[in-house]
Amino acid sequence: MLHNIDVTSSNMAAPVNSVGKTSGDRFQVNCTSFQKKTRSKLISIPGTRPSVQNGQLLVSTGVTSLDYLLGGGLAVGTVLLIEEDRFDSYSRMILKYFLAEGVVCRHELFVATAQDNPDEILQELPAPILDDVAVPKPVDQPRPTGEPQDSLDAMTIAWRYQNLPKVQSALASSSRFGHYYDVSKTMEAEIRQAAKCHRFYLPDHITPSSAAHSARVESYSALLKSLQEVIHREGFDLATPMSKSRNILRVGLHSLGSALWGDDMCCHDKPRHGHALTTFLYGLRALLRSSLSVAVVTLPSHLIQDRALMGNITRLCDNAIALESFKGSERETNPLYKDYHGLLFVRQVPHLNCLARQLPDHKDLAFKLKRKQFTIESPGLRSGSTKNKLRQL
Amino acid sequence: MYILALKNSYNLFLNIFSVAREEVVHVLCFDVSEEELKVGLKPSDTQRLHIHNAYSDPLGWTGHPNFTAQQFILEDLANLVKQTSQPKPAVLVIDSLSWILRHKTPPAVCQTLQQLRKGGAVRAVIGLLHTDMHQRGTVGSVCHLATSLISVAPGVRGKEAVARVTKRSKSGKVMQDEEIFCIAEDFTVTILSKASHAEHKTNSTEEEQADPTANLTFNLRLSDSELEAKQKLTLPFVFSKEKKTALLHPGPGSGRILYEPDANDDYDQEDPDDDLDV
């Protein structure tokens with residue numbers, strides 16, 4: 001893997017501080033928040049940081065609680081599988097968080113869909129809460145002395161800071177890991193267009209009439225070829241020399257395995273093309289391991305009847321989580337769950353270049369999509385007897 | 001796109017929904033014959049319906065089929081709908097999707113439905129699906145595409161039926177409802193009552209925001225006159241406007257501070273001596 005640092009794993013149960021802004025909900029994770037000072041010859045890519053446990057280069061998923069669950073972030077070169085909830089609302093939200101984080105960190109994006117046009121997903125990206133995200137606008141010039149009136153009325157006490165630009169320099173955005181987003185607003189077009197985005201919309205590549213007659217599923221191989229071509233052309237695959245600065249490619253694949261990809265895995269109990277998606281995931285992981293990219297794949301697992309196949313798919317991805325929303329199910333009326341929108345299950349966490357995995361402490365996790373945060377926490381702890389509260393101290 | 005999912009092959013006439021509005025409706029008949037479908041409908045209604053007979057020869061065994069199952073692809077359907085040459089896009093009613101799913105693979109059917117939805121040829125697609133005729137995965141895949149899903153099952157008492165409606169909006173919000181209805185002889189649908197699920201939701205009362213400044217022995221609020229007085233207060237270091245502008249826009253000759261953060265600023269509070277090993 002890329003960039004190994006020899007670190008001794010710390011077994012201290014040190015208290016956890018959250019990175020960036022403090023949030024009310026924290027996890028007890030068995031690691032420190034200590035950030036190793038990078039004086040060595042590591043390449044520094046904005047929006048990434050080395051992991052404390054095993055030295056992998058991590059990127060943020062866009063959801064800080066999910067970063068904690070996955071051991072600090074998503075390692076570059078790995079795949080995160082999200083098993084969709086029944087109506088594909090929250091899994092789509094996490095995919096949008098992932099892509100929005102890529103825009104804010106100036107990474108490149110690759111979005112592949114079969115159902116909606118990739119542009120629709122890109123237009124729905126949530127707006128980042130900007131204190132210190134560099135916005136590519138020209139710096140506000142100080143107002144000419146001809147019109148002092150309006151600018152001075154703006155601030156009465158802190159008037160000396162009026163003319164400073166509201167945006168800090170680019171240095172701040174690269175040192176920050178994990179941002180917060182406001183779901184009620186969409187990202188402004190100028191921020192979004194500053195990021196380079198590659199699109200793959202299946203109906204543009206495969207005419208369905210030809211697909212219906214073929215014995216194999218052609219869509220996945222077309223997707224893999226397109227992704228390989230983008231990685232090679234844009235220089236993510238380390239084949240090009242280090243002349244230009246490196247960047248990360250974030251790959252978002254929406255609803256793989258559904259019938260719209262031409263795959264009958266979700267339709268039949270014993271699918272004929274059961275190996276199409278597993279072969280694709282194998283090829284995808286090989287492609288990602290040899291390049292500076294990270295992938296998030298959503299899958300409508302509630303339609304797959306073959307549990308063995310689902311197990312295969314989980315094994316072939318590095319990280320795997322499953323979402324189950326309460327909407328429409330009888331759990332909606334359960335008083336324990338009334339504050340939450342659904343349950344989250346961590347199916348798999350990888351161990352990359354080390355022997356131990358960082359599994360989350362609690363198995364029962366519930367999530368809630370608030371306007372400014374996607375929180376994941378354990379409902380038992382939250383409902384809080386004093387006994388639990390004392391233990392947290 | 002609406003999909004009616006029926007359990008136990010409950011017979012329901014689809015035309016009731018579309019005929020009520022003044023729209024052009026194309027009906028693809030696979031399950032029942034044209035005459036049987038028109039039984040009981042008023043002639044004024046049947047004029048607006050364009051029924052395409054796919055019942056008599058759906059697989060093209062005779063030399064001249066009207067519409068076959070293999071023709072359930074975008075081009076042929078678009079041509080079919082254009083035949084009436086109306087300015088507004090029409091509504092397409094498919095009776096039934098189950099029939100088509102037996103002769104075409106579910107992925108192909110799903111892709112055609114998705115293309116119909118994305119293209120502008122039809123405004124809405126209403127499809128009938130008999131859920132007990134297919135595997136769960138097939139039913140799930142087709143229903144996953146639908147923006148509205150109505151599941152109909154026979155009710156407790158004689159002529160009643162229970163309908164569960166699920167609607168998905170573009171923004172991702174999902175609405176679910178359950179209703180009991182019955183159909184009269186002249187095909188009017190009367191909704192009898194909403195099922196008991198709806199009552200659960202009213203139980204969740206909103207908590208009132210506790211106002212911390214309410215029952216105190218001292219007063220934390222400001223009256224209007226006090227607010228005015230507060231705003232009129234002159235603060236120290238508030239200069240006149242001329243002095244402010246002079247300070248804000250420094251003329252030539254005043255220095256600027258340029259600072260690049262250096263190694264001494266890299267101060268980690270948890271590791272002040274910079275000697276901890278990871």
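Residues numbered from 1 in each chain as written. Chains lettered and ligands numbered in written order. Predicted model: local features only at pLDDT ≥ 70, side-chain atom pairs only at ≥ 80, totals over all residues. Heavy atoms only, no water.

**Description of the overall build of chain A**
Applied cut-off: The way it works is that DSSP assigns letters per residue, a run of H or I at least four long becomes a helix, a run of E at least two long becomes a strand, and they are numbered from the N terminus. Each residue is assigned to one of three classes by its accessible area relative to the maximum for its type, calculated with a 1.4 Å probe on protein chains only: buried under 20%, partly exposed between the two thresholds, exposed over 50%. Whether two residues touch is decided by their heavy atoms; if any such pair falls within 4.5 Å, the residues are in contact. Note that accessible areas follow from Shrake-Rupley with a 1.4 Å probe, and for residues the cover is restricted to the protein chains shown.
From N to C terminus, chain A includes 13 helices and 14 strands. The buried share of chain A, taken over its 393 residues, is 51%. The long-range share in chain A, meaning contacts at least 24 apart out of those at least 6 apart in sequence, stands at 73%. For chain A, the accessible area works out to roughly 19,000 Å², and carbon and sulfur atoms hold 52% of it.

**Topic: unusual backbone geometry**
The bulk of non-glycine residues show a negative phi, and the bulk of peptide bonds are trans. Cis geometry marks the peptide bond from B:D95 to B:S96, where omega comes out at 0°. Locating B:S96 in the fold gives a position in the loop between β4 (90-95) and α5 (97-103). Phi is positive for A:R106, close to 65°, though the residue is something other than glycine. A positive phi angle, near 60°, is found at A:S255, a position not held by glycine. Looking at where A:S255 falls in the secondary structure, it is placed in the loop between β9 (249-253) and α10 (274-289). Judged by its relative accessible area of 3%, A:S255 is buried.

**Observations concerning empty space enclosed by the protein**
Put simply, the rule is: Grid points spaced at 1 Å and placed over the protein atoms alone form the basis of the search, with a cavity being a set where a 1.4 Å probe fits but cannot get out and a pocket an open set showing protein on both sides within 12 Å along at least five of seven lines. Lining residues have an atom within 4 Å of a point. Grid points are joined across faces, edges and corners, and a volume is the space filled by probe spheres set on the points. Residue type decides the class: Asp, Glu, Lys and Arg count as charged, Ala, Val, Leu, Ile, Met, Phe, Trp, Tyr, Cys and Pro as nonpolar, and the leftover types, Gly among them, as polar.
Applying the stated criterion across every chain, the model contains five cavities of 30 Å³ or more. If you add up the space inside the second largest cavity, you get close to 70 Å³. Along its surface, the second largest cavity is lined by A:Q115, A:S258, A:A259, A:L260, A:L303, B:C110, B:S141, B:H144 and B:L145. Ranked by the residues each element gives to the lining of the second largest cavity, the list is headed by helix α7 (residues 136-145) of chain B, at three residues. For the lining of the second largest cavity, the class distribution of residues is five nonpolar, four polar and no charged.

**Comments concerning the side chain of A:D116**
The test is simple: Polar contact criterion, stated in full: a pair of N or O atoms within 3.5 Å, where within protein one must be able to donate a hydrogen and the other to accept it, and residues adjacent in sequence count only if both atoms are side-chain atoms.
Position of A:D116 among the secondary structure elements: in the loop between β5 (108-113) and α3 (118-123). Given the relative accessible area of 10%, A:D116 is considered buried. Engagement of the side chain of A:D116 in a polar contact is seen with the side chain of B:K118, the distance being 3.2 Å. Among all residues touching A:D116, those that are not within four sequence positions of it are A:R92, A:Y201 and B:K118.

**With respect to the environment of B:C29**
Residues and elements named next belong to chain B. As for its placement among the helices and strands, C29 is situated in strand β2 (residues 25-29). Relative accessible area serves as the criterion here: at 1%, C29 is assigned to the buried category. Dropping the residues within four chain positions of it, C29 is found in contact with L37, I51, H52, N53, A54, Y55 and D95.

**Looking at the pattern of salt bridges**
Heads up, the condition is: When a carboxyl oxygen of Asp or Glu is within 4 Å of a side-chain nitrogen of Lys or Arg, the pair counts as a salt bridge.
Under the criterion given, the structure shown has 16 salt bridges over all chains. Among the salt bridges present, the one from B:K118 reaches A:E120, with a minimum N-O distance of 3.5 Å. Of this pair, B:K118 sits in helix α6 (residues 106-118) while A:E120 sits in helix α3, placing the two residues on different chains. Note that A:K185 and A:D182 form a salt bridge whose closest N and O atoms lie 3.6 Å from each other. On the basis of relative accessibility, which here comes to 48%, the residue A:K185 falls in the partly exposed class. Take A:D182: its relative accessible area is 5%, and that puts it in the buried class.

**Observations concerning the pairing of strand β12 (residues 342-348) of chain A**
All names here are of chain A. Our working definition: Here a strand pair is declared whenever DSSP counts at least two bridges between the two strands.
In terms of strand pairing, strand β11 (residues 319-325) meets β12 through six bridges, oriented antiparallel. Counterpart to A320 in the pairing with β12 is Q348. Looking at chain direction, β12 and strand β13 (residues 365-369) are connected through three bridges and run antiparallel. Residue L344 lies in a different strand from β13, and its bridge partner there is L365.

**Re the environment of A:M265**
Residues and elements named next belong to chain A. Relative to the helices and strands, M265 is located in the loop between β9 and α10. For M265, a relative accessible area of 1% puts it in the buried group. In the structure, M265 is positioned 17 residues away from Y282 in sequence and 17 Å away in space, judged by C-alpha atoms. When neighbours within four sequence positions are excluded, M265 is seen to be in contact with G257, P271, L277, L299, I304, L309 and I313.

**What to know about the packing of helix α9 (residues 218-234) of chain A against α10(A)**
All names here are of chain A. Note the cut-off: For every element, the axis is a line fit to its C-alpha atoms; helices are fit only across the contacting stretch, and the angle between N-to-C directions ranges from 0 to 180 degrees. Each angle receives one of four descriptions, namely roughly parallel if under 35 degrees, roughly antiparallel if over 145, roughly perpendicular if within 65 to 115, and oblique otherwise.
Axis separation between α9 and α10 bottoms out at 10 Å; the angle between their running directions is 10°. Considered as vectors, α9 and α10 are oriented roughly parallel to each other. Contacts between α9 and α10 involve Y220, L223, L224, L227, Q228 and I231 from the former and A276, L277, F280, G283, L284 and L287 from the latter.

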